[in-house]
Amino acid sequence: MKQLPIKLRPAITSECWTYNRTCIIETDPSGPEWVASHYTLFMHSGGHISFGDGFDKPSMSYYDILEHQCVPLEQYGARELIQRFEQWIDEGYYVIVDVNLGDLVKDYKNFKVHEILLYGYDEQRRVFYSPLQNERNGQFESFELEYDVIPPAIESVVAYYREAPLDRFERFFNFFYPLSKLKIIPIRRDDNMFILRAFKKLEAEYYYSNCLEISRYGQKHELEEKLAHYTGLGCLIGMREMLSHMIEGAETTPPHDPYPNIDKVTNLFTLYEHRCIMRSMLELLREKLDIDNEAYNSAFETYCSGIASMRESYLLMKKSQISGKLNSLPGIIQRLDVIYESDYDSLRIMDDIAREKMSERL
């Protein structure tokens, strides 16, 4: 029997590909500081809000905190992988593997490729331990996965990838799937590294936040498409525009949703989680730089009130999704406007004070 450390409810739960890393990272003594000083925010041109340092999901770099080893899925037989999983966990590696949820989860009969994280096993009871989301309460909990159900779930995925090799490439390109081993890289605790990353993150949040227009050109230099990406606080502007377009779409005949494939509830929850991490980052700067400043503390409290308002916006959007009514959307838009203006002023004040304090320290 072996169980590696796991943080079932880390700072980020809104994205499975990020959750599967933060729940490992936060078990390291420096993990919470690493998370606080990383993870900027962007809104893709299609309307999806995500964590990262660029314009797509895989842009977040983990090379300084997590070792990744990709393993060809067909290198071992599906049943032989059970022994390999035990061996890798014994060596201190967390295992992430693509499975067919239709073969793995009770009462879920549809074919769906998704990754699972394995962090422990009990060879006597023949179960692996995996953090999975409880559908009843939405919380991540430790689940037991029987050895016998895993090989068929992997074999289904192997057969699917034979028919859809480009899908396999996308999984590998974006997330290092369909099979990878992860291990914490022991990092030397360096306050200046965390402070520098925090300053860059703070600057990206309010000073360089914007709507970036990306132009795509063809072979003969012709303009093919323009894409709008929002970053930092600009994501609030992008989210505001999305909700406004939803209201306009509801007033047309017939009514339509201009963003039918975007989960607006998850978008707002991601905005909420991001601000919680920003709060940890602002606390990190205050602690590492020994800031005892009334203006900083006041701006910090103002920023925290915006976090509470963002959570209320998320709950209102969830209520709207359940009821199918859009009457709460104008109120959410108003909240986003207030949060944007308040955050901009608060972050600028704290940035100026922290920079001055750092200049005295150098």
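Structure: above.
Being a predicted model, the structure only gives us computed values, none of them experimental. (Residues numbered from 1 in each chain as written. Predicted model: local features only at pLDDT ≥ 70, side-chain atom pairs only at ≥ 80, totals over all residues. Heavy atoms only, no water.)

J.: Please explain the nonpolar core as it appears in this structure.
T.: In a soluble, globular protein the nonpolar side chains are often hidden away together inside. Counting 106 residues, the largest nonpolar core has Phe85, Ile154 and Leu285 as its most contacted members. When residues of this core are assigned to their parent elements, the largest contribution, 11 residues, is made by helix H9 (residues 264–288). With near-sequence residues (within four places) excluded, Ile154 lies in contact with Leu73, Ala78, Leu81, Phe85, Val97, Asp98 and Val99. (Core = buried A, V, L, I, M, F, W, Y, C linked by side-chain atoms within 4.5 Å. Buried < 20%, exposed > 50% of the residue type's maximum accessible area, 1.4 Å probe, protein only. Helix = DSSP H or I, 4+ residues; strand = E, 2+ residues; numbered from the N terminus. Contact = heavy atoms within 4.5 Å.)

J.: Would you mind showing me how to read the packing of aromatic side chains here?
T.: When we look at a pair of aromatic rings, we describe it by the centre distance and by the angle of the planes. Summed over the entire model, instances satisfying the criterion amount to 21 aromatic pairs. The interplanar angle of 45° and the centroid separation of 4.9 Å between the aromatic rings of Phe269 and Tyr314 together place this pair among those described as tilted. Placement of Phe269 in helix H9 and of Tyr314 in helix H10 (residues 294–323) is noted, with a sequence separation of 45 residues between them. An aromatic cluster of at least three residues, connected via ring pairs, comprises Tyr76, Phe85, Trp88, Tyr121, Phe128 and Tyr147. We note Lys181 situated over the ring of Tyr93; from NZ or CZ to the ring centre the distance is 4.5 Å. (Phe/Tyr/Trp six-rings, centres within 6.5 Å; stacked < 30°, edge-to-face > 60°. Lys NZ or Arg CZ within 6 Å of the ring centre and 35° of its normal.)

J.: Teacher, can you tell me more about helix H6 (residues 165–175) here?
T.: Three- or four-residue spacings in an α-helix give side chains the same orientation, since the helix completes a turn every 3.6 residues. Residues of H6 that are buried include every one of Arg168, Arg171, Asn174 and Phe175, and no others. Looking straight down H6, one finds its buried side chains confined to an arc of 145°; they lie on one side. Counted as exposed and oriented over 90 degrees from the buried face of H6: Pro165, Leu166 and Phe173. Phe176 sits one or two positions beyond H6 and adopts a positive phi of about 65°. (Arc of directions from axis to C-beta.)

J.: Help me understand the sheet that holds strand E3 (residues 49–51) in this model?
T.: To summarise the sheet geometry, strands pair through backbone hydrogen bonds and adopt either a parallel or an antiparallel arrangement. Strands sit in the order E3-E2-E12-E11 across an open sheet of 4 strands; the sheet is antiparallel. Sheet topology places E3 and strand E11 (211–217) at the edges, where each strand pairs with a single neighbour. If you compare each strand with its neighbour and ignore which way they point, the axes differ by 30° on average. The pairing of strand E2 (residues 41–43) with E3 spans 3 bridges and is classified as antiparallel. (Pairing = 2+ DSSP bridges. Axes fitted to C-alpha atoms, helices over the stretch in contact; angles between N-to-C directions.)

J.: Sorry if this is basic, but what is going on with the layout of surface pockets here?
T.: It is a probe the size of a water molecule, rolled over the atoms, that shows where empty space is left. Computed from the structure, the largest pocket encloses a volume of approximately 1,900 Å³. What lines the largest pocket is a set of 50 residues, and nearest its centre among them are Leu132, Gln133, Asn134, Glu135 and Phe140. Looking at the lining of the largest pocket, the elements with two or more residues in it are helix H1 (16–25), helix H4 (101–104), strand E6 (113–118), strand E8 (127–133), strand E9 (140–146), H6, H9 and H10. For the lining of the largest pocket, the class distribution of residues is 23 nonpolar, 14 polar and 13 charged. In this structure, the second largest pocket occupies an estimated 340 Å³ of space. Residue lining of the second largest pocket: 19 residues in total, with Ala11, Glu26, Cys276, Ile277 and Ser280 positioned closest to the centre. Contributing elements (two or more residues each) for the lining of the second largest pocket: helix H2 (31–36) and H9. (1 Å grid on protein atoms, 1.4 Å probe; cavity = no way out; pocket = protein on both sides within 12 Å on 5 of 7 lines; lining within 4 Å. Points joined across faces, edges and corners; volume = space filled by probe spheres on them. Nonpolar A, V, L, I, M, F, W, Y, C, P; charged D, E, K, R; others polar.)

J.: Would you mind going over the pairing of E6 with me for this structure?
T.: Every other side chain in a regular strand lies on the same face of the sheet, so the side chains alternate between the two faces. Counting buried positions over the 6 residues of E6 gives 5, a clear majority of the element. Where strand E5 (residues 94–100) lies against E6, 6 bridges are found, and the strand directions are antiparallel. Looking at the pairing, Val95 lines up with Leu118 of E6.

J.: So what exactly am I meant to see when it comes to the packing of helix H7 (residues 191–206) against helix H11 (residues 329–361) here?
T.: Each pair of packed helices can be described by the angle between their axes along with the distance between the axes. Remark: H7 packs on H11, axes separated minimally by 10 Å, with the N-to-C direction vectors making an angle of 150°. Judged by the inter-axis angle, H7 sits roughly antiparallel to H11. In this structure, H7 meets H11 at a crossing whose hand is left-handed. Here Asp191, Asn192, Ile195, Phe199, Leu202, Glu203, Glu205 and Tyr206 of H7 lie close against H11, whose contacting residues are Tyr344, Leu347, Arg348, Asp351, Ala354, Arg355, Met358 and Arg361. Per-class residue counts for the contact of H7 with H11 are 8 nonpolar, 1 polar and 7 charged. (Parallel < 35°, antiparallel > 145°, perpendicular 65-115°, else oblique. Left-handed = near helix turned anticlockwise from the far one by under 90°.)

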